[in-house]
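Now for the letters of each chain:
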Amino acid sequence: MHPRTLLRTPASGAPRRRAGRLAGAAAALAALVGLGTLSSPGAHAADNPYERGPDPTTAGIEAARGPYAVSQTTVSPLSVSGFGGGTVYYPTSTADGTFGAVAVAPGYTASQSSLSWLGPRLASQGFVVFTIDTLSTLDQPDARGRQLLAALDHLTQRSPVRSRVDAGRLGVMGHSMGGGASLAAAVSRPSLKAAIPLTPWNLDKTWPEVATPTLIIGADGDTVAPVTSHAEPFYTSLPGSLDRAYLELNSATHFAPNSPNTTIAKYSVSWLKRFIDDDTRYEQFLCPLPRPSLTIQEYRGNCPLS
């Protein structure tokens, strides 16, 4: 048929043709609307109500600040029990609803200030972060583990920001003895969604009881908690069926977590997003396993993640 034949047909058929064109246009519009809905952020939220923030990029998770503006509040040791107070960092906006949360413990003789860079950096990616002080700077890992859990209980039950926290999506982190403490906390509370020990130290070398997805970060130049007697045996003792990973920093020391570190931040954000938020958009940074680089000496783990 000539493409312009319809223009030459009798006028008596015009109403039917106009109705047909209108119906076709309506169907096409409905299809376009449907496609728009499927690709919108709201559709992702419907699939996973815990997703927070835009689609991730390498530049975004390596940045010093993520997409959320951050506020903070000080928690006095006089107002709490079971730990030594601390600082809560949290996304300022409440437009996205509640957030997962993570408590972070310092190492032997250290205070929360030794890990203060992690607070706003993680919070700006869409978490409530509680960097804590311990009751004594000399507390051992088991005591620090109990204090991490006490801090999470305070955060979800009594803190001024408790309405911003999803009490069912919690994790723990810590440096040195605080890292050993995060393993102890995970054993005591299997409902935790993620644990990240940073250059961890603990006299207990085996952790087959851990049921929490765990990322252990060691350092090749660590002489305080050498990876061969701490981070590596901790990792290999975790259940083989567990979502687990071992990241060994290249040309780094025991104190690497005490200063802003892009590699620590990148993989910590990815791990917390993947397991606290169940956000599979971040699995791309964890699987396939990252390869050795200028900042990574070694990376082991289970892929695909469950």
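Below is a summary of the structure that appears in this document. Since we're looking at a predicted model, the values are computed, not measured.

1. Points about the packing of helix α5 (residues 141–157) against helix α6 (residues 177–188)
Part 1 of the reasoning: Two elements in contact, α5 and α6, have axes whose closest approach is 7 Å; the angle formed by their N-to-C orientations is 65°. You can see that α5 and α6 cross each other, and the crossing is right-handed. Along the contact surface, α5 presents Pro141, Asp142, Arg144, Gly145, Leu148 and Leu149, while α6 presents Met177, Gly178, Gly180, Ala181, Ser182, Ala184, Ala185 and Ser188.

2. Examining the pattern of salt bridges
Part 1 of the reasoning: Taken as a whole and judged by the stated rule, the model has 12 salt bridges.
Part 2 of the reasoning: Residue Asp277 is joined to Arg169 by a salt bridge in which the shortest nitrogen-to-oxygen separation is 2.4 Å. Here Arg169 lies in strand β5 (residues 165–175) and Asp277 lies in the loop between α8 (262–276) and β9 (296–301), a separation of 108 residues in the sequence.
Part 3 of the reasoning: A salt bridge links Arg274 to Glu283; the nearest nitrogen and oxygen atoms lie 2.8 Å apart. Residues Arg274 and Glu283 agree in their burial class; the two are buried.
Part 4 of the reasoning: Shared partners join several salt bridges into a network, and the residues in it are Glu51, Asp55, Asp279 and Arg281.

3. Some remarks on α6
Part 1 of the reasoning: Look at α6: 16 Å from first C-alpha to last across 12 residues, which is about the 16 Å you get at 1.5 Å a residue.
Part 2 of the reasoning: Within α6, 10 of the 12 residues are buried, leaving the element largely enclosed by the surrounding structure.
Part 3 of the reasoning: Turning to α6, its buried residues number three or more, namely Met177, Gly178, Gly179, Gly180, Ala181, Ser182, Leu183, Ala184, Ala185 and Ala186.
Part 4 of the reasoning: At its buried positions, α6 is contacted by β3 (99–105), α5, β5, β6 (194–198), β7 (214–219) and α7 (231–237).

4. Some points on the packing of aromatic side chains
Part 1 of the reasoning: Tallying each qualifying case throughout the model produces six aromatic pairs.
Part 2 of the reasoning: On the numbers, 5.5 Å between centres and 85° between planes, the contact of Tyr68 with Phe99 is edge-to-face. Of the two residues, Tyr68 sits in the loop between α3 (58–62) and β1 (70–75) while Phe99 sits in strand β3, which places them 31 residues apart along the sequence.
Part 3 of the reasoning: Residue Tyr68 is classed as buried on the basis of its relative accessible area of 12%.
Part 4 of the reasoning: With a relative accessible area of 1%, Phe99 lands in the buried category.
Part 5 of the reasoning: Measuring from centroid to centroid gives 5.9 Å for Tyr235 and Tyr246, while their planes differ by 35°, and the two rings are tilted. Placement of the pair is Tyr235 in helix α7 and Tyr246 in strand β8 (residues 244–249), with a sequence separation of 11 residues. Of the two residues examined, Tyr235 and Tyr246, each falls in the buried class.
Part 6 of the reasoning: Against the face of Phe275 rests Arg274, its NZ or CZ located 5.0 Å from the ring centre.

Rules behind the numbers
- Per chain, the residues get numbers from 1 upward, laid out in the order the sequence is written.
- Predicted model: local features are reported for residues with pLDDT of at least 70 only, side-chain atom pairs are reported and counted for 80 or more only, and whole-chain, interface and lining totals are derived from all residues.
- Think of the side-chain values as coming from all heavy atoms in the structure, minus any hydrogens and water.
- Convention adopted: a line fitted to C-alpha atoms gives each axis, helices being fitted over their contacting stretch, and angles between N-to-C directions are expressed from 0 to 180 degrees.
- Put simply, DSSP marks the helices as runs of H or I at least four residues long and the strands as runs of E at least two long, and each gets a number from the N terminus on.
- With the far helix as reference, a near helix turned anticlockwise by less than a right angle produces a left-handed crossing, and one turned clockwise produces a right-handed crossing.
- The contact criterion used throughout is that any non-hydrogen atoms of two residues lie within 4.5 Å.
- We define a salt bridge as a side-chain nitrogen of Lys or Arg found within 4 Å of a carboxyl oxygen belonging to Asp or Glu.
- For every residue, the accessible area obtained with a 1.4 Å probe (protein chains only) is divided by the maximum for its type, and the residue is called buried under 20%, exposed over 50%, and partly exposed between those limits.
- Multiplying one less than the number of residues by 1.5 Å gives the expected span of a helix.
- Aromatic rings from Phe, Tyr and Trp, with only the six-membered ring used for Trp, were paired whenever their centres fell within 6.5 Å, and each pair was classed as stacked if the ring planes differed by under 30 degrees, edge-to-face if by over 60, and tilted otherwise.
- Counting as a charge over the ring demands two things of the Lys NZ or Arg CZ atom: a distance within 6 Å of the ring centre and an angle within 35 degrees of the ring normal.

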